[in-house]
Amino acid sequence: MTEGLAIEIAERKMKELGVGDNYLIRLRHFQIPPASKIELNAENELLILVKPDQYVKMYSKAGIFNLRDNRINEMQYIHRGKTWIINQETKRYLQVKIIQVIPNIKLK
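As the structure is a prediction and not an experimental result, all values here were calculated from the model. (Residues numbered from 1 in each chain as written. Predicted model: local features only at pLDDT ≥ 70, side-chain atom pairs only at ≥ 80, totals over all residues. Heavy atoms only, no water.)

K.L.:
How should I be thinking about the environment of Ile86 in this particular structure?
P.N.:
Within the fold, Ile86 resides in strand E5 (residues 78–87). In this structure Ile86 comes out as buried when scored by relative accessible area, which is 17%. Taking the C-alpha atoms as reference points, Ile86 and Ser36, separated by 50 residues in sequence, lie 5.9 Å from one another. Not counting residues within four places of it along the chain, the set of residues in contact with Ile86 comprises Ser36, Lys37, Tyr55, Val56, Lys57, Tyr59 and Leu94. (Helix = DSSP H or I, 4+ residues; strand = E, 2+ residues; numbered from the N terminus. Buried < 20%, exposed > 50% of the residue type's maximum accessible area, 1.4 Å probe, protein only. Contact = heavy atoms within 4.5 Å.)

K.L.:
For this particular structure, what's the right way to read unusual backbone geometry?
P.N.:
Excluding glycine, residues mostly have negative phi values, and the peptide bonds linking residues are mostly trans. The backbone phi angle of Ala35 is positive, close to 50°, even though this residue is not glycine. In this fold, Ala35 is placed in the loop between strand E1 (23–32) and strand E2 (37–50). Despite not being glycine, Lys51 shows a phi value in the positive range, around 40°. Inspection of the secondary structure assignment puts Lys51 in the loop between E2 and strand E3 (56–60).

K.L.:
Just checking my understanding: could you explain the nonpolar core for this structure?
P.N.:
Across soluble globular proteins, nonpolar side chains show a tendency to be buried alongside one another. Ranked by internal contacts, the top residues of the largest apolar core, which has 14 residues, are Phe30, Leu49, Met58, Ile85, Val96 and Ile98. Looking at this core, the elements that each hand over two or more residues are E1, E2, E3 and strand E6 (94–103). Tallying contributions element by element places E2 first for this core, with four residues. Formed by 11 residues, the second largest nonpolar core is a distinct cluster that contains Met14, Leu17, Leu46 and Val50. (Core = buried A, V, L, I, M, F, W, Y, C linked by side-chain atoms within 4.5 Å.)

K.L.:
What's the story with the environment of Ile9 in this structure? I'm lost.
P.N.:
Looking at the element boundaries, Ile9 is found in helix H1 (residues 3–16). C-alpha separation for the pair Ile9 and Ile78, spaced 69 residues apart in sequence, amounts to 9.3 Å. For Ile9, the contacting residues outside a window of four places in its chain are Met1, Ile48 and Ile78.

K.L.:
Sorry, what's going on with the packing of aromatic side chains here?
P.N.:
The geometry of an aromatic ring pair is captured by two quantities: the separation of the ring centres and the angle between the planes. Applying the stated criterion to the full structure yields two aromatic pairs. A ring pair is formed by Tyr59 and Trp84, whose centres lie 5.1 Å apart and whose planes are at 20°; its orientation type is stacked. Here the residue Tyr59 occupies a position in strand E3, and Trp84 occupies one in strand E5, the gap between them amounting to 25 residues. Considering the side-chain rings of Phe65 and Tyr77, the 5.0 Å spacing of their centres and the 65° angle between planes classify their relative orientation as edge-to-face. Pair noted here: Phe65 is in strand E4 (residues 63–66) and Tyr77 is in the loop between E4 and E5, with a separation of 12 residues, a long-range link. (Phe/Tyr/Trp six-rings, centres within 6.5 Å; stacked < 30°, edge-to-face > 60°.)

K.L.:
How do you make sense of the sheet that holds E3 when you look at a structure like this?
P.N.:
Picture the strands of a sheet paired through backbone hydrogen bonds; they go either parallel or antiparallel. Across the sheet, which stays open at both edges, the six strands sit in the order E1-E6-E2-E5-E3-E4 with antiparallel pairing between neighbours. If you trace the sheet from one side to the other, it starts and ends with E1 and E4, each paired once. For this sheet, the mean angle separating the axes of adjacent strands, direction not counted, is 20°. Across four bridges, the pairing between E3 and E4 is antiparallel. (Pairing = 2+ DSSP bridges. Axes fitted to C-alpha atoms, helices over the stretch in contact; angles between N-to-C directions.)

K.L.:
Sorry if this is basic, but what is going on with the pattern of salt bridges here?
P.N.:
Applying the stated criterion across every chain yields a total of nine salt bridges. Across the salt bridge formed by Glu16 and Lys13, the nearest N and O atoms sit 3.7 Å from each other. Highlighted residues: Glu16 and Lys13, both in helix H1, separated by three residues, approximately one helical turn. The class for Glu16 is exposed, based on a relative accessible area of 60%. Ionic pairing is found between Arg71 and Asp69, a salt bridge with its closest N-O pair at 3.0 Å. Taking the relative accessible area as the measure of exposure, Asp69 reaches 16% and is therefore buried. Connected through salt bridges with shared partners, the residues Glu3, Lys51 and Lys97 form a single ionic network. (Salt bridge = Lys/Arg side-chain N within 4 Å of Asp/Glu carboxyl O.)

Laid out in structure tokens, this is it:
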């Protein structure tokens, strides 16, 4: 998913949730060390994964994204709530880009 598509999805999702144009968009770029993970708390936000590497694993209450697991029927690019991003590579840092959508009001 490109940054442009992620922003378009964010705009539509905020309208669906009744937020309208009352939100902020941030591009976040993480460097995750080999075989480690980060945790994000996005209870009232959306996190949209952009151009993921094959070694990225991302999961939340919204679902999972993991290209290395062929047992997953549907990958989720949009996450919400407590979210973990895992570097499944053991030898190199991963570059992970996320569009963070922060409404100025609480989501439904």
